[in-house]
Number of protein chains: 4
Amino acid sequence: MANEVFETYESEVRSYCRKFTSVFQVAKGSKIWDEQGREYLDFFDGAGALNYGHNNDFIKNRVISYLQQDGIIHALDMYTGAKRDFIEYFEKNILEPKGLDYKIMFTGPTGTNAMEAAVKLARKVTGRTNVFALMGAFHGMTMGALSMTTDMASRKGAGVPLHDVTHIPAPYMFPELDTIAYMERLVTDDHSGVEMPAALVVETVQAEGGIYPLDAEWLRRAEEFCHKHGILFVVDDIQIGCGRSGNFFSFERAGIKPDIVGLSKSIGGYGLPMAIVLLKPELDIWKPGEHNGTFRGNNLAFVAAKAAIEFGLNEHIYEDVTRKGEIIREYVEKEILPLHEGLELRGLGLMWGIDFEKAAPAGTARKAVTECFNRGLIIEQAGREDCVLKMMPALTISDEELKAGLAIIKEAVKAVLS
Amino acid sequence: MANEVFETYESEVRSYCRKFTSVFQVAKGSKIWDEQGREYLDFFDGAGALNYGHNNDFIKNRVISYLQQDGIIHALDMYTGAKRDFIEYFEKNILEPKGLDYKIMFTGPTGTNAMEAAVKLARKVTGRTNVFALMGAFHGMTMGALSMTTDMASRKGAGVPLHDVTHIPAPYMFPELDTIAYMERLVTDDHSGVEMPAALVVETVQAEGGIYPLDAEWLRRAEEFCHKHGILFVVDDIQIGCGRSGNFFSFERAGIKPDIVGLSKSIGGYGLPMAIVLLKPELDIWKPGEHNGTFRGNNLAFVAAKAAIEFGLNEHIYEDVTRKGEIIREYVEKEILPLHEGLELRGLGLMWGIDFEKAAPAGTARKAVTECFNRGLIIEQAGREDCVLKMMPALTISDEELKAGLAIIKEAVKAVLS
Amino acid sequence: MANEVFETYESEVRSYCRKFTSVFQVAKGSKIWDEQGREYLDFFDGAGALNYGHNNDFIKNRVISYLQQDGIIHALDMYTGAKRDFIEYFEKNILEPKGLDYKIMFTGPTGTNAMEAAVKLARKVTGRTNVFALMGAFHGMTMGALSMTTDMASRKGAGVPLHDVTHIPAPYMFPELDTIAYMERLVTDDHSGVEMPAALVVETVQAEGGIYPLDAEWLRRAEEFCHKHGILFVVDDIQIGCGRSGNFFSFERAGIKPDIVGLSKSIGGYGLPMAIVLLKPELDIWKPGEHNGTFRGNNLAFVAAKAAIEFGLNEHIYEDVTRKGEIIREYVEKEILPLHEGLELRGLGLMWGIDFEKAAPAGTARKAVTECFNRGLIIEQAGREDCVLKMMPALTISDEELKAGLAIIKEAVKAVLS
Amino acid sequence: MANEVFETYESEVRSYCRKFTSVFQVAKGSKIWDEQGREYLDFFDGAGALNYGHNNDFIKNRVISYLQQDGIIHALDMYTGAKRDFIEYFEKNILEPKGLDYKIMFTGPTGTNAMEAAVKLARKVTGRTNVFALMGAFHGMTMGALSMTTDMASRKGAGVPLHDVTHIPAPYMFPELDTIAYMERLVTDDHSGVEMPAALVVETVQAEGGIYPLDAEWLRRAEEFCHKHGILFVVDDIQIGCGRSGNFFSFERAGIKPDIVGLSKSIGGYGLPMAIVLLKPELDIWKPGEHNGTFRGNNLAFVAAKAAIEFGLNEHIYEDVTRKGEIIREYVEKEILPLHEGLELRGLGLMWGIDFEKAAPAGTARKAVTECFNRGLIIEQAGREDCVLKMMPALTISDEELKAGLAIIKEAVKAVLS
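Just so you know, these numbers come straight off a predicted model, no measurement behind them.

## Some details on the overall build of chain A
Now for step 1: Within chain A, the secondary structure is distributed over 14 helices and 17 strands.
Now for step 2: The C-alpha radius of gyration of chain A comes to 21 Å, within 12% of the 22 Å expected for a compact globule of 418 residues.
Now for step 3: Principal-axis analysis of the C-alpha atoms places the extent of chain A at approximately 60 × 55 × 45 Å.
Now for step 4: In chain A, which comprises 418 residues, the proportion classed as buried is 72%.
Now for step 5: Long-range pairs, those at least 24 residues apart, make up 72% of the contacts in chain A with a sequence separation of at least 6.
Now for step 6: With the model as given, the accessible surface of chain A reaches about 12,000 Å², and the carbon-plus-sulfur share is 48%.
Now for step 7: Chain A carries 45 positive and 59 negative side-chain charges, and their two centres are separated by 1 Å.

Listed below in structure tokens is the structure:
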């Protein structure tokens, strides 16, 4: 059988393959083909790592060309031309125009590694041990990041109690509670029992938590709160960054300038592993090699990363995100939400979620995932008890593909709610 | 200036670039060229990630071809043809012939991630929280792995006390102490104060610790000790694995079968980020997704990984390691050790260290690194107070290149000891 | 000088002596005399350890008689007549009439030790590691209890980060937030990041936190919440217990039956160190000696403890607490609160606090303490930034003494607010 | 039944009563009587809290007199005449003659509380978090002290992993290993994985560990090691102090001056709860109240403590300890060790242990305890798997009582080994 090799030899930890049971071979743009040649639309986007679509030709040509020239591939943190080109391009074309003054730290090429580095640095700069993270957050699966991640099944996997993080209610959880005032009380009340944190870490849109965009006003107040107390404001822009929110950085909509920003997933442009941490220059008190990792010099990813941003800028991809997002919003509001009382839509840019929690029993979103897959659409669920169907197409998706995918979702939702 | 971009925009955490100050562009086999066209021999090997040499043509062709066909690049843990090909080839051609029965877990593509997964699994299987790691060990820089890593500068970077690991003296540290008996006492003495561990984690050759091969007999006794107490025996084969020891797995020389094995670095074959954990089937109690990561499905690396092993087997690369290692050993013993009293050589396969500790002040090995670089050789130091010059060429290095590099080392050692 | 010995030889950690600068010699009932023969009224009550007054004659005679008979004084947890007498009397005259079915654990004779035992047991019974404690709480100064204590200066003294406790907002802190619903969300939301606790630990009246009685309804809902989730409901009745609330146990007013109760301070009756933990019989899964301590068999305290309760019951002391408390309430409301806008009174039974927070700068309550002392009244401050003047006379205080003390407080408050 | 009240109402955590099943009533010197009037000799000494014997008349008279005068009993850390008298007497008659310059900290009146305070202070002074404690150690049962305690059953009772302590092999455990050199390596090797500690905490004679006196030379070298690295040398003199070793402080035999000393048990003189920490004046950086506890001002114990030391000095009790110890040593060597191959004797002063480990199965010492009890002797076992019969009579025991007890032990040992 096609899947026998996996079922025999791959660990039970494998997960997505249990929903998307085909063996995939080829991919292009927003389409994937399995080995039987069946075509799938992709609203999953490699969990956010494929904002420029699968095997984007512009990037692909650069990558192949670099390989053909025997460009150095693996260089740890040695200086290379490919790295310099990326840094220079990123500084001049992304950071400078936005008035952002960051230095770049190249970490091991995974999001969790970037968040571990961010938190290490915040503790080092402030001399504090505690960190504030939001309930609903996902920041990674290695122990330092996992302490911030809130998903209980993941936390339990640690095998030891997780420490040194205080979880703050996300603003949407208790609407009656002003969570900025709450944090203010925690750090000013000399009997709160909660230590002043080194950092406040947030995703501006909680993705795994169930597609919850935080209010711009909340983000501004959070930044102000941090500045007031010498707390570093850390934005995990790993999933919602790189253009998905409608701006390159998700925090731009709030007009804030975080102290530290973690990027991964689509920063590599072509699905190649890469992660960076942006930090304000005055925070750059790292000692050489104090946080390191073998693959922090993945030069093929640097080539792809620069190409991807060139493509994004030149083709006006980032600018078109909001318009495409509106297509989703309008379609879902008009065609899907009316299908059943209690269905909710949340999101922005090109990350949207249909929440089934008030409309159907737990597990319904997961059933919808299967219904979509059976109809040729790859899409993920997220959130509390997996109750949210998460629409996250590539930024490069065509309007036709987008609409085709939405039509499938409508059919799938009908099927599971009937 | 060539390096100004880095000095302005890259974090102070950068380290190797401070020793190897050129900007590198092109690489092939055991050679690297900087942007001025200067050629360097490479005895550093990407910290062990480039066992098959830079831009190995056999692998390169497969990688380019996969890209050209629009093979799926990023697939999380979905089934793909590239992954199946790797699994099948690895099981049939590496594991089966060695009588090793392991399932494969694909983790985030960094060594530290693999070790975090290994330790999580060990805690989950045993229900214990403590872990034994050896003094001198390096297992990674994310918090769970960092708790096992022993380098003080790295540990201090954590910013919080590191917990849940008991460090056991490495066998070479106190020759009068039988460290197996020591561990036996720790776990059987009801007043040791040291909790029974979930796992004993070892590198069979400590690399960062200063190139210390552990005795095969010690490894066998360690395995026996583990079995006796239901402790999982975990081998971190990230740096010394993938053929470097003279066998594909470093533990083969001891005839043992660890319960869990971590692989990364050269498993990706081409310097592409990849990491896996091998686990005995009966330990595979993971729940789906219990440890995950966005880039655990780096299919380009899977293609390279399979190609690399094909190349290694077909070209008899692994079999030639010991012979090449003997060239190093003989040369150093004859030409370098006699240069100064107290110089010591340790190693096996193609990982060797010249220890300056008893011959010269701290810092000498680092000076030798600079002298080598000035003479066109890239080589790293390691060990306590960086006192060991670490020779780690690609497995594919030619005898001529090997000898040329050794001759440079001789000149460099002369220079620093004169 | 009188105090020179202390200033030379006693550690700087000494604290109350800095406010109450006399050297005290003799005490009786609610009065203390210093070595110059100056008399002080006592509204401090040994921080709650002297509910029956200083050197209560009824208890004193029993204690002296036991000493004269060479009754065994120190017996660890061996069986003694004195211990049996206490147990039997306590079970028959305190627990049974109230319908409370508890076994008694004798811990080391300090409150902090009782709370450490309570939390150990809760973790053992539930197999969980986390504990919920309230912001504003004080539960002791040894590391396990200190993790629950919220006072930042005390926590900082730990010298290491404190773990395994989640601090829940006390109900009075965010009136808009239903803290029971908040806890319910924490333990049912699979993305809260907060682990299901072994126990919820509360003082029914937060004393050090600033004299905040928790609503009876809140306590009932908290008990219900605990039962629903298999969380043990632990009441720290160390300061507010032993009659001070108007009932022997402070939780009686809410009609609840906590799973575990910690008692210390006045349980010893005569200021002699003693602490016990009451636990529901089904929770008694302790192994012999699993929590121990040399002075857990302080038989002189057992003699005093039984005598104290006999005295309390026979003299109807407990029944008179509410009436005396009303004297305080009426006096303060009529004579003191009107002195300045913003003064607040909180309390019940014979524990009351005048809160200066909204009326005067931080430090005012402490000044009032000094003014009281200068006028012959010993009284403590408590709460956030020490803003609460804490009135806690012995339960045996006469109405005349009570009124005399209140009159001094009025003068002191006038002095500091003028 | 006599014991029914206990069996019904007292927690299963009770332990000594399971061996010594009588209900005790009266005690005097080295004798205890149960309620049936049966007389027992006491070689247990309240686990070391009764060095001056039960109900010592000299102390008793002072205690009763203080009670009769209505001397203040409970005073937290207010100044009292009784406290001043103790401090002054202790400084002038104990510390000064020995050339020891210590300030006194009064902690909660239990040994575990003293050790928590000692470790907090060491962390505060050094800014380090790690602590070295010896394998075999017992330092208390509250969480901070329990982290240092080595007994596995006790540690398991914590319910959470215990942290921030590195356990060092006791010198007797691996005779081939120089444990001072071992510690030196741990703190100087930049790859040991073990952080520089705030303190090294030792009992100069491990009591619960199985009666292991540490060599005086080892103690001197340990002190030197500590001084070299700015590590505070902390002696837990709770059980072996107060004269039991043959000097008032157990460390006097080594001629060392620890930085911090914890005292409890017999410091209270009469079995009354008391504990103090002695600290070098330059370490006294405590903030007022930074470590506190309600019963830290147990003035009745201060009266007893001063009386006890007066008695000890005036009656030359401390000076006679070594001679009495020799009676034990000679008797056991001549009469008991020859009873069976493998029996061993260890100890000094008036703390001795007969080790059954090499002579008989685990559990034999416990059986001997029962045999002793049946013959009218109360005596404890200690050590790994409870294999040591622990002889610890009061310092005031008469030669006749001592010999009578030894004769019982001989009969008991015969009985269990036959």
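## A look at the pairing of strand S13 (residues 344–348) of chain A
All names here are of chain A.
Now for step 1: Counting buried positions over the five residues of S13 gives four, a clear majority of the element.
Now for step 2: One ladder, built from five bridges, connects S13 with strand S14 (residues 351–355); its direction is antiparallel. Following the sheet pairing, Arg-346 is matched in S14 by Gly-353.
Now for step 3: Here S13 folds back onto S14, and the loop between the two strands holds two residues, one of which, Gly-349, carries a positive phi near 50 degrees.

## Concerning the pattern of salt bridges
Where charged atoms from two side chains of opposite charge approach closely, those side chains can pair.
Now for step 1: Applying the stated criterion across every chain, the model contains 145 salt bridges over all chains.
Now for step 2: Salt-bridge contacts for Arg346(B) lead to Asp355(B); the nearest nitrogen and oxygen are separated by 3.0 Å.
Now for step 3: Judged by relative accessible area, which is 13%, Arg346(B) ranks as buried.
Now for step 4: Here Glu344(D) makes a salt bridge to Arg346(D), at a shortest N to O gap of 3.6 Å.
Now for step 5: Glu344(D) gets classed as partly exposed once you look at its relative accessible area, which sits at 28%.

## Comments concerning the pairing of strand S7 (residues 197–202) of chain A
Residue and element names in this part refer to chain A.
Now for step 1: In terms of residue burial, S7 counts as a mostly covered element, since six of its six residues are buried.
Now for step 2: Note: strand S5 (residues 130–134) against S7, four bridges, orientation parallel. Bridging from a neighbouring strand, Ala-133 pairs with Val-201 of S7.
Now for step 3: Of the strand pairs in this sheet, S7 and strand S10 (residues 232–236) are connected by four bridges, and their pairing is parallel. Across the sheet, residue Val-202 finds its bridge partner in S10, namely Val-235.

## Some words on the relation of the copies chain B and chain A
Now for step 1: Between chain B and chain A, the superposition needs a rotation of 180 degrees and an axial shift of 0.0 Å, giving an RMSD of 0.0 Å. Taken together, the rotation angle and the small translation identify this as a two-fold axis. The C-alpha atom lying nearest the rotation axis in chain B is that of Met143(B); the distance is 2.6 Å.
Now for step 2: Counting the interface residues of chain B, we find that 99% of their copies in chain A are interface residues as well, pointing to one common contact surface.

## Here we look at the environment of Gln68(D)
Now for step 1: Following the sequence through the fold, Gln68(D) ends up in helix H4 (residues 57–68).
Now for step 2: Here Gln68(D) falls in the partly exposed class, since its relative accessible area comes to 45%.
Now for step 3: Taking the C-alpha atoms as reference, Gln68(D) lies 35 Å from Ala118(D); in sequence the two are 50 residues apart.
Now for step 4: Other than its neighbours up to four places away in sequence, Gln68(D) contacts Lys60(C), Ile64(C) and Gln68(C).

## Side note on the nonpolar core
Now for step 1: One finds Phe90(A), Phe90(B), Phe90(C) and Phe90(D) to be the most contacted residues of the largest nonpolar core, which totals 498 residues.
Now for step 2: Phe90(B) has contacts with Leu95(B), Ile104(B), Phe248(B), Phe249(B), Leu263(B), Ile267(B), Ile276(B), Leu278(B) and Ile309(B), leaving out every residue within four places of it along the chain.

## A few points about the environment of Ile104(B)
Now for step 1: Position of Ile104(B) among the secondary structure elements: in strand S5 (residues 103–106).
Now for step 2: Among residues more than four places away in sequence, those in contact with Ile104(B) are Tyr9(A), Glu10(A), Ser11(A), Phe86(B), Ile87(B), Phe90(B), Glu91(B), Ile276(B), Val277(B), Leu278(B) and Leu279(B).

## Focus: unusual backbone geometry
All names here are of chain A.
Now for step 1: Positive phi is not limited to glycine here, since Glu-385 has a value of about 45 degrees.
Now for step 2: Positionally, Glu-385 belongs in the loop between strand S16 (380–382) and strand S17 (388–391).
Now for step 3: With a relative accessible area of 48%, Glu-385 lands in the partly exposed category.

## Overview of the domain arrangement of chain A
It is common to give the size of an interface as the accessible area that goes away when the parts come together.
Residues and elements named next belong to chain A.
Now for step 1: For chain A, the assigned domains read domain 1 (4–56 + 318–417) and domain 2 (59–314).
Now for step 2: Put simply, the middle of domain 1 and the middle of domain 2, counted by C-alpha atoms, are 25 Å apart.
Now for step 3: Here domain 1 meets domain 2 over a buried area of about 2,700 Å², counting both sides, of which 53% is carbon and sulfur.
Now for step 4: Sorting the residues of domain 1 by area buried against domain 2 places Tyr-52, Tyr-318 and Arg-384 first, and these three jointly supply 27% of that buried surface.
Now for step 5: Where domain 1 touches domain 2, the interface holds two salt bridges.
Now for step 6: In this structure, the connection of domain 1 to domain 2 is made through 20 residue pairs in polar contact (both at pLDDT 80 or more).
Now for step 7: At four residues, the largest contribution of residues to the side of domain 1 that touches domain 2 is made by S14.
Now for step 8: Looking at the side of domain 1 that touches domain 2, its residues break down into 16 nonpolar, 10 polar and seven charged.

Parameters at a glance
- Residues numbered from 1 in each chain as written.
- Chains lettered and ligands numbered in written order.
- Predicted model: local features only at pLDDT ≥ 70, side-chain atom pairs only at ≥ 80, totals over all residues.
- Heavy atoms only, no water.
- Helix = DSSP H or I, 4+ residues; strand = E, 2+ residues; numbered from the N terminus.
- Rg over C-alpha atoms; globule rule 2.2 N^0.38 Å.
- Buried < 20%, exposed > 50% of the residue type's maximum accessible area, 1.4 Å probe, protein only.
- Contact = heavy atoms within 4.5 Å.
- Areas by Shrake-Rupley, 256 points an atom, 1.4 Å probe, with all protein chains shown as cover.
- Lys, Arg positive; Asp, Glu negative; His and termini not counted.
- Charge placed at Lys NZ, Arg CZ, Asp CG, Glu CD.
- Pairing = 2+ DSSP bridges.
- Salt bridge = Lys/Arg side-chain N within 4 Å of Asp/Glu carboxyl O.
- Least-squares fit on C-alpha atoms with pLDDT ≥ 70 in both.
- Core = buried A, V, L, I, M, F, W, Y, C linked by side-chain atoms within 4.5 Å.
- Domains from an automatic or database assignment.
- Buried area = accessible area lost by both parts, 1.4 Å probe.
- Polar contact = N/O pair within 3.5 Å; in protein donor to acceptor, adjacent residues only side chain to side chain.
- Nonpolar A, V, L, I, M, F, W, Y, C, P; charged D, E, K, R; others polar.

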